[in-house]
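One-letter residues, chain by chain:
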Amino acid sequence: MSPKEFERFFQANFRKATYQAQLIVMSKEIAEDIVQDVFIKLLDRENLSTMRITPTYLNTCVRNAAIDYIRSQASRIFVQLNSINTGKFETSDLEALAAEEAEYTANLHRLYDAIEALPEQARKAVHLVCFEKYSYNDAAEKLDISVNTLKTHLYRSFKKLRKHLAVLLMLC
């Protein structure tokens, strides 16, 4: 891919990729940073001239980068919680952490409420696969349905849940 082709690809796909990242991280500014980082990493590749970058590949890279960002934030909160236990925190840090924790708890409650609003079979499928970490085969067997039916329940459930929450991607 030549530099001109890469620039056209960037112009054509930046907004869509930013929107996808924004659904995950729930912040436009952070999503833009993530997408820019992904494009920079792609541009820095030595084999860019022989590489064919597709929108699907870009979407996968952006999704993974956004999920990595969420995980890093969760790790940061864990470190902060450990700091609380050792007493190495200032008051402003505690207030910020409390606000973040309250927001996280509110999002978690919204997630549980949205899951409870799903049809019974779909709710059971989400619970077994996402929370109890059953494999698709084991969950399908437990629900006495085929694996494809289970996948359909999960697909439809996630589609409904995504409308309500972007937080779902952090948990599954």
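**Some details on the overall build of the protein chain**
Logical step 1: Within the protein chain one finds eight helices and zero strands.
Logical step 2: Starting at the N terminus, the α and β elements of the protein chain follow one another as α-α-α-α-α-α-α-α.
Logical step 3: The buried share among the 172 residues of the protein chain stands at 33%.
Logical step 4: Carbon and sulfur atoms form 52% of the exposed surface of the protein chain, whose accessible area is close to 11500 Å².

**Regarding the nonpolar core**
Logical step 1: Counting residues in each nonpolar core, the largest one holds 22 residues, and the members touching the most others are Val25, Val35, Phe39, Leu42, Ile53, Leu58 and Val62.
Logical step 2: Listing elements by their share of this core, those giving two or more residues are α1 (3–25), α2 (28–44) and α3 (55–86).
Logical step 3: Examining the composition of this core, we find that seven residues originate from one element, α1, more than from any other.
Logical step 4: Among all residues touching valine 62, those that are not within four sequence positions of it are Ala17, Gln20, Ala21, Ile34, Val35 and Val38.

**Re the packing of α1 against α2**
Helix-helix packing: each pair is described by the crossing angle between the helix axes and the interaxial distance.
Logical step 1: At a minimum axis distance of 8 Å, the contact between α1 and α2 shows a crossing angle of 140°. In this view, α1 runs oblique relative to α2, as classed from their interaxial angle. In this structure, the crossing between α1 and α2 has a hand that is right-handed. Listed contacts from α2 to Phe6, Phe9, Phe10, Phe14, Ala17, Thr18, Ala21, Gln22 and Val25 of α1 are Lys28, Ile30, Ala31, Glu32, Ile34, Val35, Gln36, Phe39, Leu42 and Leu43.
Logical step 2: Its residues assigned to classes, the contact of α1 with α2 shows 14 nonpolar, three polar and two charged.

**Re unusual backbone geometry**
Logical step 1: The phi angle at methionine 26 is positive, at roughly 60°, despite the residue not being glycine.
Logical step 2: Its location among the elements puts methionine 26 in the loop between α1 and α2.
Logical step 3: We classify methionine 26 as partly exposed; its relative accessible area is 40%.
Logical step 4: Positive phi is not limited to glycine here, since lysine 133 has a value of about 60°.
Logical step 5: Within the secondary structure, lysine 133 is located in the loop between α5 (120–131) and α6 (136–143).

**Some remarks on the packing of aromatic side chains**
Logical step 1: Counted under the stated rule, the structure contains four aromatic pairs.
Logical step 2: Relative to phenylalanine 39, the ring of phenylalanine 6 lies with its centre 5.9 Å away and its plane at 80°, an arrangement referred to as edge-to-face. Residue phenylalanine 6 is located in helix α1, and its partner phenylalanine 39 is located in helix α2; the two are separated by 33 residues in the primary sequence. In this structure, phenylalanine 6 and phenylalanine 39 share a single accessibility class: buried.
Logical step 3: Ring geometry for phenylalanine 10 versus phenylalanine 14: centroids 5.1 Å apart, planes at 40°, classification tilted. With phenylalanine 10 and phenylalanine 14 both in helix α1, this residue pair falls four residues apart, about one helical turn.
Logical step 4: Relative accessible area serves as the criterion here: at 25%, phenylalanine 10 is assigned to the partly exposed category.
Logical step 5: One aromatic cluster is present, built from ring pairs that chain together Phe6, Phe9, Phe10, Phe14 and Phe39.

**A short note on α6**
Logical step 1: Those residues of α6 lying buried are Ala139, Ala140 and Leu143. Each buried residue of α6 sits inside an arc of 100° when the element is viewed along its axis, so together they form one side. Residues of α6 that are exposed and point over 90 degrees away from its buried face: Asn137, Glu141 and Lys142.
Logical step 2: Aspartate 144 sits one or two positions beyond α6 and adopts a positive phi of about 60°.

Analysis parameters
- Residues numbered from 1 in each chain as written.
- Predicted model: local features only at pLDDT ≥ 70, side-chain atom pairs only at ≥ 80, totals over all residues.
- Heavy atoms only, no water.
- Helix = DSSP H or I, 4+ residues; strand = E, 2+ residues; numbered from the N terminus.
- Buried < 20%, exposed > 50% of the residue type's maximum accessible area, 1.4 Å probe, protein only.
- Areas by Shrake-Rupley, 256 points an atom, 1.4 Å probe, with all protein chains shown as cover.
- Core = buried A, V, L, I, M, F, W, Y, C linked by side-chain atoms within 4.5 Å.
- Contact = heavy atoms within 4.5 Å.
- Axes fitted to C-alpha atoms, helices over the stretch in contact; angles between N-to-C directions.
- Parallel < 35°, antiparallel > 145°, perpendicular 65-115°, else oblique.
- Left-handed = near helix turned anticlockwise from the far one by under 90°.
- Nonpolar A, V, L, I, M, F, W, Y, C, P; charged D, E, K, R; others polar.
- Phe/Tyr/Trp six-rings, centres within 6.5 Å; stacked < 30°, edge-to-face > 60°.
- Arc of directions from axis to C-beta.

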